[in-house]
There are 2 protein chains.
Amino acid sequence: MINGHTEIIAHIGYPTHSFKAPMIYNPYFEASGINAVVVPMGSKPETYPDLLRSVFTLENIRGALITMPHKMITVDLLDEVTPTVRVAGACNAVKRTADGRLVGDLFDGEGFVRGVQRKGLDLKGARALVVGSGGVGSAIAASLAASGLGTMGLFDVNTASAERLGARLKSQYPSIALKLHTKDPQGYDLVVNATPLGMNEGDPLPIDMDRLSSDTFVGEVVMRTEMTAFLTAAQARGCRIQVGSDMLFEQIPAYLEFFGYPTTTAEHLRSLARLSY
Amino acid sequence: MINGHTEIIAHIGYPTHSFKAPMIYNPYFEASGINAVVVPMGSKPETYPDLLRSVFTLENIRGALITMPHKMITVDLLDEVTPTVRVAGACNAVKRTADGRLVGDLFDGEGFVRGVQRKGLDLKGARALVVGSGGVGSAIAASLAASGLGTMGLFDVNTASAERLGARLKSQYPSIALKLHTKDPQGYDLVVNATPLGMNEGDPLPIDMDRLSSDTFVGEVVMRTEMTAFLTAAQARGCRIQVGSDMLFEQIPAYLEFFGYPTTTAEHLRSLARLSY
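Residues numbered from 1 in each chain as written. Chains lettered and ligands numbered in written order. Predicted model: local features only at pLDDT ≥ 70, side-chain atom pairs only at ≥ 80, totals over all residues. Heavy atoms only, no water.

1. Quick notes on the sheet that holds strand β10 (residues 190-193) of chain A
All names here are of chain A. Pairing within the open sheet is parallel, and its 6 strands lie in the order β9-β8-β7-β10-β11-β12. The outermost strands of the open sheet, each flanked by one partner alone, are β9 (177-180) and β12 (241-242). Bridge count between strand β8 (residues 151-155) and β9: 4 bridges; the pairing is parallel. Bridge pairing in β9 links Thr151 to Ala177. Sheet contacts for helix α6 (residues 135-146): β7 (127-131), β8 and β10; angle to β7, the most-contacted strand, approximately 170°. Running at roughly 155° to β8, helix α7 (residues 159-172) makes contact with β8 and β9 of the sheet. (Pairing = 2+ DSSP bridges. Helix = DSSP H or I, 4+ residues; strand = E, 2+ residues; numbered from the N terminus. Contact = heavy atoms within 4.5 Å. Axes fitted to C-alpha atoms, helices over the stretch in contact; angles between N-to-C directions.)

Quick look at the structure:
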């Protein structure tokens, strides 16, 4: 129950209507006896920089979860950010250090990475193809690179977008082998759909499935249904898979650790969450 | 449960540890199916003006409850305040109008007034003695004046404080009869202890009880115990009384109405509240 000792995690974005974090974190905080609350804050772009600064003057703020449309601008508003933030060009977690500096990280991609690692995929030196270089694709590419990937394939229908992501990757991780502008899944240990394909009924599949080996691990970011047409087709070929919502739940422990709270498993969080898909 | 549609009431003060509002409002919101939450925000004086401004740029802010040490400065930060705020020199409730203006009111004293009115005291043309011209005494004097009081007695050991309150009262309510610098309760329909006397064991009583008529209604602001020594002595003389916490609970419906929420009774709020005295 909220009282005068409650710490705030500000969940800042606009609009707030589709926010899921309060229904994941707050039941966990309650169940764990952690006196903290995720509070949705609807902040428009023109007032967001001031709001972020002001909210971090609060004595009982523990951190902020940043979401659309503020993830990119946040990179420029902080005192320190991680290489993951630099590669992705986006930041979705902010905290204040003891000496008052605002530091940021990005855990969208970390959720994906933790998920596939827990399913047994070794990313050290591995080859991954990320199809889609938008926000979520950039986040996943950044976290894969941070996990020691050897070869990164990037594809986007907007070729400039893939090139920019590739350049940011190379500047932070010079030793990574980069392959641009092909979405042929052959030869990859991991293939990720980070496009919106699958959000709508009848969308084409993001890659040519005939070129997909059964040894390849397949991940998805679309959460409209657990088993998208892409995952169903990959599973039919014998591939191991990861559903979109795994990325969501696997990233929460990373945030809890970043904010300094006791951590837990994605399964425990999922069992407590009060979401309706 | 907090979700993306939840409205915020920012409860702003410093420190936050003794905040009671979250444990009164939030159980009521939950029980009534109102998707709103009172969020404690610990804001220091040097950053409070910016914080207040920023918090009201949020799309899902419904209002703010302002408490120590910001009630006085808030008067100067708003676009419009009520006569009650002007008299008391303090503001503890802020909302944003449809056209974006910040308006403020003060309901500390309104809680006291609603309480004694519901207990049958008619304040129109009545005579009231308010002992103590600090924050709570000023708030009660302001709300009594707004309720049509005829004569107001003001006493404070700090005579300048009583004089300043008297001057503010006269400027907003020129027709009120003012009596300063005596705490003789004789001839009053209502006597209020708005001093801290009673907070500590062995405090002297705020007035000379021998001069108190059984016809006089006696109110208290101290909440350390329900029946303070002052109330016990007044009841022994046959006076009707009002305990300190009545002021607390009677003011909540006034805030609910100010913020535009469905209102309720002090009793209902008290039955739901999760406070420990």
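2. Here's the deal with the sheet that holds strand β6 (residues 102-105) of chain B
Here 6 strands make up an open sheet; going across it, the order is β2-β1-β3-β5-β6-β4 (chain B) and the pairing mixed. Of all the strands in the sheet, the pair left with one neighbour each is β2 (36-42) and β4 (80-81) of chain B.

3. Here we look at the domain arrangement of chain A
All names here are of chain A. Split into domains, chain A comes out as domain 1 (7-106 + 248-272) and domain 2 (109-242). With centres defined by C-alpha atoms, the gap from domain 1 to domain 2 works out at 25 Å. Between domain 1 and domain 2, the residue contacts involve 16 residues of the former and 17 residues of the latter. Together domain 1 and domain 2 conceal approximately 1300 Å² of surface at their shared face, both sides included; 56% is due to carbon and sulfur atoms. For the domain 1 face of the interface with domain 2, the top three residues by lost area are Thr84, Val87 and Glu250, together amounting to 45%. At the junction of domain 1 and domain 2, the tally comes to 3 salt bridges. Close ionic contact of Arg118 with Glu250 constitutes a salt bridge, the shortest N to O distance being 2.9 Å. Where domain 1 packs against domain 2, one counts 4 residue pairs in polar contact (both at pLDDT 80 or more). Sorting the residues of the side of domain 1 that touches domain 2 by element identifies α4 (83-88), α9 (244-259) and α10 (266-272) as the ones contributing at least two each. (Domains from an automatic or database assignment. Buried area = accessible area lost by both parts, 1.4 Å probe. Salt bridge = Lys/Arg side-chain N within 4 Å of Asp/Glu carboxyl O. Polar contact = N/O pair within 3.5 Å; in protein donor to acceptor, adjacent residues only side chain to side chain.)

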